[in-house]
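Close look at the chain arrangement
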Amino acid sequence: MLALRDAAWPVAVLDNLATGFRFAVPDDVSFYEGDVSDAELVAQIISEQGTRAVMHFAGSVVVPESVADPLKFYANNTAASRALIEAAVKAGVPHFIFSSTAATYGVPEASPVSEDMPKEPINPYGWSKLMTERMLADVAAAHPINYGALRYFNVAGADPQARSGQSTAGATHLIKVAVEAATGKRDRVAIFGTDYDTPDGTGVRDYIHVSDLAAAHVLALEALIAHPERSLTMNCGYGRGFSVTEVLDAVDSVTGARITRTHEPRRPGDPASLVSDPSRIRATLPWQPQYDDLGTIIAHAMAWEHRLAEMRSAKGDNG
Ligand code: UDP
């Protein structure tokens, strides 16, 4: 949303605030509180705003939770997406961008993984997103709409100006968890699995800075508008992986302290390694990542963590 606003696109936000925060939306951006599956509300917003494109970020994202509660993911990710896509089609919205995921690949047959490799998710999260990709492909073939399915690898960091960042309590994503540990909000980090077939035995992921990912969305929108007959399915990652241990070491070198680590069993639903082949996005969009550096990603996540702590103490809230 900030990237669109910075690029002078008129933008409105719909969020049910289940995990989001009202403060994340600046006062000069129209805000609607509600659910993407509320067809009536979505129709009203599209008509009020004259919406020409939908960027659909809503959904549940924690992989082990999807294993424990698959129906939540098929409701929040698959059924809600179906409702939103239908509302967009009915209102004649010509462009749709969808937050998909590297989890659609399951255990990739090769690394780095490219878009045409087999999609065999190993958790309900990946399936819930892959089903939405399928719906979009079928809908784009039948109706005057094109779409961008952006397969996110591991999104991390925060806005470089500390205007926004991950704020939800009970974080589970590695860099967020590690930064919370480095700033004293938690006392240790659990390493889930040390016996993977990776160089140091811990899981390997392709961590992408959220601002580079946001920039990819703006460029994808421009490409969809320029080529209405073409849809895009693209990996969003840098094409290099870091292990859990490497991430924790990198946090330690940013802070000059050492995070306490514990070794735990593998987490359900986790593949050993997920690294993107970014050739397609590089060939399709004029995308120039600005923050492809683990230390920078961590430093921005850390700055946001400090900002959050200030906001909490200003509110008299220690949580
Ligand atoms: N991970 C970990 N400890 C944590 C959180 C994550 O060891 O507290 C590992 C996890 O097993 C995976 C990697 O870090 O190998 C990235 O996990 P995350 O939850 O950040 O993203 P995911 O890849 O599951 O979407």
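See the structure printed just above.
First, a word on what this report is: a plain description of the structure on this page. Predicted, not measured: the structure shown is a model, and the values here were computed from it. (Residues numbered from 1 in each chain as written. Predicted model: local features only at pLDDT ≥ 70, side-chain atom pairs only at ≥ 80, totals over all residues. Heavy atoms only, no water.)

**Notes on the sheet that holds strand β8 (residues 204-205)**
An order of β11-β8-β13 is seen for the 3 strands of this open sheet, with the pairing classed as mixed. Every other strand in the sheet has two partners, leaving β11 (242-243) and β13 (273-274) as the edge strands with one partner each. As judged from the 2 bridges shared by β8 and β11, these two strands associate in the antiparallel manner. Each bridged residue has a counterpart across the sheet, and for R205 the counterpart in β11 is F242. (Pairing = 2+ DSSP bridges. Helix = DSSP H or I, 4+ residues; strand = E, 2+ residues; numbered from the N terminus.)

**Focus on the site of the ligand**
Around the ligand lies a shell of 14 residues, among which L174, A190, R205, R267 and D270 are the nearest. At 2.7 Å, a side-chain N or O of R205 approaches an oxygen atom of the ligand. Relative to its unbound accessible surface of 520 Å², the ligand loses 92% to contact with the protein. The biggest single contributor to the shell around the ligand is strand β7 (residues 189-192), with 3 residues. (Near = heavy atom within 4 Å. Polar contact = N/O pair within 3.5 Å; in protein donor to acceptor, adjacent residues only side chain to side chain. Areas by Shrake-Rupley, 256 points an atom, 1.4 Å probe, with all protein chains shown as cover.)

**What about the pattern of salt bridges?**
Inspection of the entire model under this criterion finds 22 salt bridges. For the salt bridge of K185 with E180, the shortest nitrogen-to-oxygen distance reads 3.7 Å. Judged by its relative accessible area of 35%, K185 falls in the partly exposed class. The class of E180 is buried, set by a relative accessible area of 3%. Note that R240 and D206 form a salt bridge whose closest N and O atoms lie 3.3 Å from each other. Within this pair, whereas R240 is found in the loop between β10 (232-236) and β11, its partner D206 is found in the loop between β8 and β9 (207-209), the two being separated by 34 residues in sequence. A relative accessible area of 18% places R240 in the buried class. A relative accessible area of 0% means that D206 is categorised as buried. (Salt bridge = Lys/Arg side-chain N within 4 Å of Asp/Glu carboxyl O. Buried < 20%, exposed > 50% of the residue type's maximum accessible area, 1.4 Å probe, protein only.)

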